[in-house]
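The residues making up each chain are set out below.
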Amino acid sequence: KQEVTQIPAALSVPEGENLVLNCSFTDSAIYNLQWFRQDPGKGLTSLLLIQSSQREQTSGRLNASLDKSSGRSTLYIAASQPGDSATYLCAVSDTGRRALTFGSGTRLQVQP
Amino acid sequence: DAGVIQSPRHEVTEMGQEVTLRCKPISGHDYLFWYRQTMMRGLELLIYFNNNVPIDDSGMPEDRFSAKMPNASFSTLKIQPSEPRDSAVYFCASSTTPDTQYFGPGTRLTVL
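Residues numbered from 1 in each chain as written. Chains lettered and ligands numbered in written order. Predicted model: local features only at pLDDT ≥ 70, side-chain atom pairs only at ≥ 80, totals over all residues. Heavy atoms only, no water.

Digging into the overall build of chain B
A count of helical and extended segments in chain B gives zero helices and 11 strands. Helices (α) and strands (β) of chain B occur, in sequence order from the N terminus, as β-β-β-β-β-β-β-β-β-β-β. The C-alpha atoms of chain B give a radius of gyration of 13 Å, which matches the 13 Å a tight globule of 112 residues would have. When its C-alpha atoms are laid out on the principal axes, chain B stretches across 35 × 25 × 25 Å. When the 112 residues of chain B are sorted by exposure, 50% land in the buried category. Sequence-distant contacts, at least 24 apart, represent 54% of the contacts inside chain B between residues at least 6 apart. Carbon together with sulfur atoms contributes 50% to the accessible area of chain B, which is approximately 5400 Å² in total. Taken together, the 10 basic and 13 acidic charged side chains of chain B have centroids lying 5 Å from each other. (Helix = DSSP H or I, 4+ residues; strand = E, 2+ residues; numbered from the N terminus. Rg over C-alpha atoms; globule rule 2.2 N^0.38 Å. Buried < 20%, exposed > 50% of the residue type's maximum accessible area, 1.4 Å probe, protein only. Contact = heavy atoms within 4.5 Å. Areas by Shrake-Rupley, 256 points an atom, 1.4 Å probe, with all protein chains shown as cover. Lys, Arg positive; Asp, Glu negative; His and termini not counted. Charge placed at Lys NZ, Arg CZ, Asp CG, Glu CD.)

Re the packing of aromatic side chains
Two aromatic rings, taken as a pair, are described by how far apart their centres are and by the angle between their planes. Within this structure, the stated rule accounts for 10 aromatic pairs over all chains. Ring geometry for F36 of chain A and F102 of chain A: centres 5.4 Å apart, planes at 45°, overall tilted. In this pair, F36 of chain A sits in strand β4 (residues 30–38) while F102 of chain A sits in strand β10 (residues 100–102), placing the two residues 66 residues apart along the sequence. Residue F36 of chain A shares its accessibility class with F102 of chain A, and that shared class is buried. By relative accessible area, which is 0% here, F36 of chain A ends up buried. Ring pairing ties together the aromatic residues F36 and F102 of chain A together with Y31, F33, Y35, Y48, F91 and F103 of chain B, which thus form one cluster. (Phe/Tyr/Trp six-rings, centres within 6.5 Å; stacked < 30°, edge-to-face > 60°.)

Quick word on the sheet that holds strand β1 (residues 5–7) of chain B
All names here are of chain B. The four strands are arranged β1-β3-β8-β7 in an open sheet whose pairing can be described as antiparallel. The sheet terminates laterally at β1 and β7 (65–71), the two strands that pair on one side only. Taking the axes of each pair of neighbouring strands and ignoring which way they run, one obtains an average angle of 15° across the sheet. Where β7 meets strand β8 (residues 74–79), five bridges bridge the pair, whose relative direction is antiparallel. Each residue of the ladder has a partner; that of A67, found in β8, is L77. (Pairing = 2+ DSSP bridges. Axes fitted to C-alpha atoms, helices over the stretch in contact; angles between N-to-C directions.)

A closer look at the pairing of β4 of chain A
All names here are of chain A. Among the nine residues that make up β4, eight are buried, leaving the element largely enclosed by the rest of the structure. By the bridge criterion, eight bridges tie β4 to strand β9 (residues 86–94) in an arrangement that is antiparallel. For Q34, the partnering residue across the bridge sits in β9 and is A91. When β4 meets strand β5 (residues 44–51), the two strands line up antiparallel, connected through seven bridges. Bridge pairing in β5 places R37 opposite T45. Linkage of β4 to β5, two consecutive antiparallel strands, is achieved through a turn of five residues, within which G41 is found at a positive phi near 75°.

Some thoughts on the environment of R61 of chain A
Residues and elements named next belong to chain A. As for its placement among the helices and strands, R61 is situated in the loop between β6 (56–59) and β7 (62–67). Taking C-alpha positions, R61 is 7.4 Å from A79, a pair spaced 18 residues apart along the chain. When sequence neighbours within four positions are dropped, the list of residues in contact with R61 reads Y76, I77, A78, A79, S80, Q81 and D84. For R61, the side chain forms a polar contact with the main-chain oxygen of A79, separated by 3.3 Å. Here the side chain of R61 touches D84 through a polar contact of 2.8 Å, side chain to side chain. (Polar contact = N/O pair within 3.5 Å; in protein donor to acceptor, adjacent residues only side chain to side chain.)

Quick notes on the environment of Q17 of chain B
All names here are of chain B. As for its placement among the helices and strands, Q17 is situated in the loop between β2 (10–13) and β3 (19–24). Residue Q17 is classed as partly exposed on the basis of its relative accessible area of 43%. Look past the residues within four positions of Q17 in its chain and what remains in contact with it is I79, Q80, P81 and S82.

Function cannot be inferred from these measures alone, as they are strictly geometric.
As structure tokens, then:
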């Protein structure tokens, strides 16, 4: 059974800092990996999707990498802003089941 | 498009009562997913449908939980009888593929 772990569970940084969120998964037979953002009381918004054949994806100040063989992904946020404060969730889609398995998330707070 | 619509947004009920959560997917999306999010277990897939047919219900916790999708624009998740441990936020998501899912705002259920 696929398990997804995210480290750290919480992170507080000053505005402008570059930061890295980590995600690891136990079964490397994935179809893709996604990073989501969740604001308090809201649903999830997909930020980046990396197919299993890709190594990274970029969108604005966000960059996500994937190392399928080692079961790891990182989300890099450049020049963090208070508006980036949210919970960031990593999820993998298995080749067989094609449904998403989520990590428990990293709660990020960016201090102005 | 209005996005995925869920109702009610908040539900408070007494233990033993029947609870029905509703979801309207984005028009044209033929995948529909029900998730549950708790502090202890994070975000878990309960069931998903493709073209109104249940594909994977392995995440449905007990027989007290049932889900239906009578047509392409409506789905329900029913809990009967409800228990305090069912308290959680229930999300519905829809998509045209299993991987890129659009989430609704969620229903916060409290069972007293």
